[in-house]
Amino acid sequence: MSTTAPVRVVVIGGGANSEHEVGLASAASVAAALDPTRYEVARLTIERDGGWRSADLPCSFPEAAAVLAAADVVFPAVHGPGGEDGSLAALAALAGVPVVGSPVGAGALAMDKWATKLVAQASGVAVAPGTLLTRADAAPVDAEVLRSAVGPMPWIVKPVAGGSSYGVSRVDAPGQLDAALAEAFAHDDRVLVERLVTGREVDVAVLERVTGELVVGPPLEVLNDAAGFFDADTKYDGSARFVLPAPLEPAVAERIDTVARTLFARLGCAGLARVDCFVTPEGEVVLNEVNTMPGLTARSQLPKMFAAVGIDYPELLSGLVETARRPSTRSGTRVGAAR
């Protein structure tokens, strides 16, 4: 019988943002699926109001920080601002504890959709035409001025930092713009207005192995509604439809693979990421966004992608923990490997 002490993993869920429920679900699923013979799991939760809970009991931030500091690995299953944006990676780094997923800089860059677009463009990756608005820019907004920067409608209006399609609206006519901006500004102080990309939505997942090798899972196609919009309700009400693997021309599949690896490396990601793209009727691959901590229930897209190539959910999670435990992952500056 092995006398090796189990690895202490602190799984953090929830989040003080609109993705709180998604973060609760991911954390609960991760905690339940980690092999109890190998891992001793402790739970921390960030409440909607920013408070903390240890297991099921309210606790102070110093008490939560003490739980985190006693861990061998931190698994931050928190999506959106205050978690996925590098906040929890920074907290773990200051405590000297390895963290599953991307370091501070990569989390912050990828959460900022405007910054991600700039990195993508500099890397030769196509993005949708768009422009950035701040609250100071947004009152009032002249649709004709926007048209000169973005191009013809329809447009997509979305918060710069956010996920799960919260605060995202489609604008087909100037009369819809004010409401769409108000919805996006309810979630962030900066907003992107982008031209709607006509095409298929195809996502791929990137997994970093303990060896540093990157594995790109099979492409998954999201079958959007008739309006061509994959909104928050569709994502979580059970009506979402996927095709896995997505049927793609070999050249398109290769390009998506290249885009995923390039953005993973250029943003400085580690551990895992989901790279969401559009494929136009002409076969052009256009980046939508990069998620450094995508949904992680067993039913989420990323675990489904890797299950399709024989990496089951418990193996996926243990691989993420072991990759985080590598000595090199203790540096907050490590960049994911690229092919």
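Scoring rules and cut-offs
Residues numbered from 1 in each chain as written. Predicted model: local features only at pLDDT ≥ 70, side-chain atom pairs only at ≥ 80, totals over all residues. Heavy atoms only, no water. Axes fitted to C-alpha atoms, helices over the stretch in contact; angles between N-to-C directions. Helix = DSSP H or I, 4+ residues; strand = E, 2+ residues; numbered from the N terminus. Parallel < 35°, antiparallel > 145°, perpendicular 65-115°, else oblique. Left-handed = near helix turned anticlockwise from the far one by under 90°. Contact = heavy atoms within 4.5 Å. Buried < 20%, exposed > 50% of the residue type's maximum accessible area, 1.4 Å probe, protein only. Pairing = 2+ DSSP bridges. Salt bridge = Lys/Arg side-chain N within 4 Å of Asp/Glu carboxyl O. Nonpolar A, V, L, I, M, F, W, Y, C, P; charged D, E, K, R; others polar.

Draft legend 1. Local environment of the packing of helix 2 (residues 61–69) against helix 3 (residues 87–95). As a packed pair, helix 2 and helix 3 sit with axes 10 Å apart at the nearest point and diverge in direction by 70°. Classified by the angle between their axes, helix 2 and helix 3 sit roughly perpendicular to one another. You can see that helix 2 and helix 3 cross each other, and the crossing is right-handed. Counting all contacts with helix 2, which are made through Phe 61, Leu 68 and Ala 69, the residues of helix 3 involved are Leu 91, Ala 92 and Ala 95.

Draft legend 2. The pairing of strand 5 (residues 73–76), seen in detail. Side chains Val 73 and Phe 75 project from strand 5 onto one buried face, and the interleaved Val 74 and Pro 76 project onto a second face that is buried too. In terms of strand pairing, strand 1 (residues 7–14) meets strand 5 through 4 bridges, oriented parallel. Following the sheet pairing, Val 9 is matched in strand 5 by Val 73.

Draft legend 3. Quick look at the pattern of salt bridges. Under the defined criterion, the tally for this structure stands at 16 salt bridges. Arg 200 serves as the salt-bridge partner of Glu 221, at 2.7 Å between the closest nitrogen and oxygen. With Glu 221 in strand 13 (residues 220–223) and Arg 200 in strand 11 (residues 200–208), the pair connects residues that are 21 residues apart, well separated along the chain. Using a relative accessible area of 28% as the deciding quantity, one classes Arg 200 as partly exposed. Notably, a salt bridge pairs Asp 276 with Arg 274, separated by 2.8 Å at the nearest N-O pair. Comparing Asp 276 with Arg 274 shows no difference in burial state: the two are buried. Salt bridges sharing common partners tie together Arg 38, Glu 322 and Arg 325.

Draft legend 4. Just the sheet that holds strand 4 (residues 57–59), in detail. Spatially, 5 strands are ordered 4-3-2-1-5 in an open sheet, and the strand pairing comes out mixed. The sheet is open, and its two borders are formed by strand 4 and strand 5, each paired with just one other strand. Strand-to-strand twist in this sheet, taken as the mean axis angle between neighbours without regard to direction, amounts to 30°. Across 3 bridges, strand 3 (residues 52–54) lies against strand 4 in antiparallel orientation. Looking across to strand 4, one finds that Trp 52 is bridged to Cys 59. Together, strand 1, strand 2 (39–46) and strand 5 form the strand contacts of helix 1 (residues 20–33), whose direction differs from that of strand 1 by roughly 160°. Sheet contacts for helix 2: strand 1, strand 2, strand 3, strand 4 and strand 5; angle to strand 2, the most-contacted strand, approximately 155°.

Draft legend 5. Representation of the sheet that holds strand 9 (residues 169–171). One open sheet holds the 4 strands; their spatial order is 7-10-8-9, and the pairing between them is antiparallel. Here the strands that pair on one side only, and so sit at the sheet edges, are strand 7 (130–134) and strand 9. With strand direction ignored, the average angle separating the axes of adjacent strands in the sheet is 25°. Helix 5 (residues 113–122) contacts strand 7, strand 8 (155–159) and strand 10 (190–195) of the sheet and is inclined by roughly 50° relative to strand 10. Where helix 7 (residues 177–185) meets the sheet, it contacts strand 7, strand 8, strand 9 and strand 10, and its direction lies at approximately 25° from that of strand 8.

Draft legend 6. Summary view of the packing of helix 1 against helix 11 (residues 313–325). Where helix 1 contacts helix 11, the two axes come as close as 9 Å, and the packing angle between them is 95°. On the basis of the axis angle, helix 1 is roughly perpendicular to helix 11. Of the residues in helix 11, those in contact with Ser 29, Val 30 and Ala 33 of helix 1 are Tyr 313, Pro 314 and Leu 317. Looking at side-chain class alone, the contact of helix 1 with helix 11 contains 5 nonpolar, 1 polar and no charged residues.

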